[in-house]
Every structure is written in structure tokens, then in C-alpha cells.
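Observations on the model geometry
The residues making up each chain are set out below.
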Amino acid sequence: MADNDIGTATRASGNGKGTTSAARSRSASRRSARSSNASEAEMKKQIAELKREVSRLNRMLSDQAEEAAHGWYQSATDRASSLYSGASHRASRAAKQLRTQAHSVSETVQQNPGTISTAVAIGGLFGVLMGLTIARSSQPDPDWFRRWQR
């Protein structure tokens, strides 16, 4: 009797093949929907992972750029500091040497006032004569001077 009930049930719904194929297609569509949802979730997961990787690489690059800039700045300040200290040292030595030379000149002037006065007067006279010679050779005679010579 159980066999008869099954056969009746399949005949009542039509042939047994239509029901089975519809169920199979629904099952297949559910499986494909599940697999597409799974692949979509996997894709989203991979995209999120790639975003994390890109942000990590950006942080690494910015850290390296910051280190390079800090190194460049540090080396520039070190060089500037060494140049300044070297220039300061040289200027200090030059000033000290100028003081000693000025002191020796002032001692010489104090010990020999007549000689120094004569040397300055001769140097001044020589400078005036050179200036007059250069001025006379570079400019021609003015016209008013020629008018009176005729």
C-alpha cells in the first residue's frame, strides 16, 4: 500500500520528472547564489587586505622619506655648524694677528715720529702728483682754454 501511495502522489502532481527538475534547478541556483556570495565575500576580504597592505606601504614610504629628510637636515646643520665654527676660528685668529700688527705699528710710530711723518707726507705728495697726471692725460683741454691761446 505504501508503494501505491507514492505512485498516486507522483501521478497527482503530474509526471515525477517535472517536480524533481524544478527542485534541482532551485537547488542549483541556491548553490550558485551561495558560491557567488562566498566568492563576493572572499573578494571583499581580499580587497580589504590589499587596502591594509597599501596603507602599510604608504606608512613605510613616509617613514623612509621622513628619515631621509631628517638625515639631510642633520647633515646640513652639522656642515653649517662646522663651517661657522671654522670661520669663527679663522676670524678670531685674523683679528688677533691684526691687533698684534697694529700694536707693533703704533709702537714704531711712537718710537720714530719724525720718520713716520716724513713718510706720510711724501706718500701724500706722490699721490697728489699721480692724480694730477692721470687727470691731465685722460681729459683733453677744454674749449675755453684754446680760445685764449690764439
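One structure accompanies this document, and this report is about it. (Residues numbered from 1 in each chain as written. Predicted model: local features only at pLDDT ≥ 70, side-chain atom pairs only at ≥ 80, totals over all residues. Heavy atoms only, no water.)

1. A short note on the overall build of the protein
Along its length, the protein carries four helices and zero strands. When the helices and strands of the protein are placed in sequence order, the string is α-α-α-α. Burial statistics for the protein: of 150 residues in total, 1% are counted as buried. Of the accessible surface of the protein, which amounts to about 13500 Å², a share of 60% is contributed by carbon and sulfur atoms. (Helix = DSSP H or I, 4+ residues; strand = E, 2+ residues; numbered from the N terminus. Buried < 20%, exposed > 50% of the residue type's maximum accessible area, 1.4 Å probe, protein only. Areas by Shrake-Rupley, 256 points an atom, 1.4 Å probe, with all protein chains shown as cover.)

2. Comments concerning the pattern of salt bridges
Going through the model one piece at a time under the given rule, you end up with two salt bridges. Between Glu40 and Lys44 there is a salt bridge, and its shortest N-O distance comes to 3.7 Å. Of this pair, Glu40 and Lys44 both sit in helix 2 (residues 16-111), four residues apart, which is roughly one turn of that helix. Relative accessible area serves as the criterion here: at 43%, Glu40 is assigned to the partly exposed category. Where Arg56 meets Glu53, a salt bridge forms, and the shortest distance between an N and an O atom there is 2.4 Å. Taken as a pair, Arg56 and Glu53 lie in helix 2 at a separation of three residues, close to a single helical turn. Here Arg56 falls in the partly exposed class, since its relative accessible area comes to 35%. Among the residues examined, Glu53 registers a relative accessible area of 35% and is labelled partly exposed. (Salt bridge = Lys/Arg side-chain N within 4 Å of Asp/Glu carboxyl O.)

3. Things to note about a nonpolar patch on the surface
A contiguous nonpolar surface patch, about 400 Å² in accessible area, is contributed by Leu125, Val128, Leu129 and Leu132. Following the sequence through the fold, Leu129 ends up in helix 3 (residues 113-138). (Patch = residues over 30% accessible without salt bridge, like charges linked within 9 Å, V, L, I, M, F, W, Y side chains within 5 Å.)

4. Quick notes on a positive patch on the surface
Taken together, Arg26, Arg30, Arg31 and Arg34 make up a surface patch of like positive charges. Relative to the elements of secondary structure, Arg34 occurs in helix 2. (Lys, Arg positive; Asp, Glu negative; His and termini not counted. Charge placed at Lys NZ, Arg CZ, Asp CG, Glu CD.)

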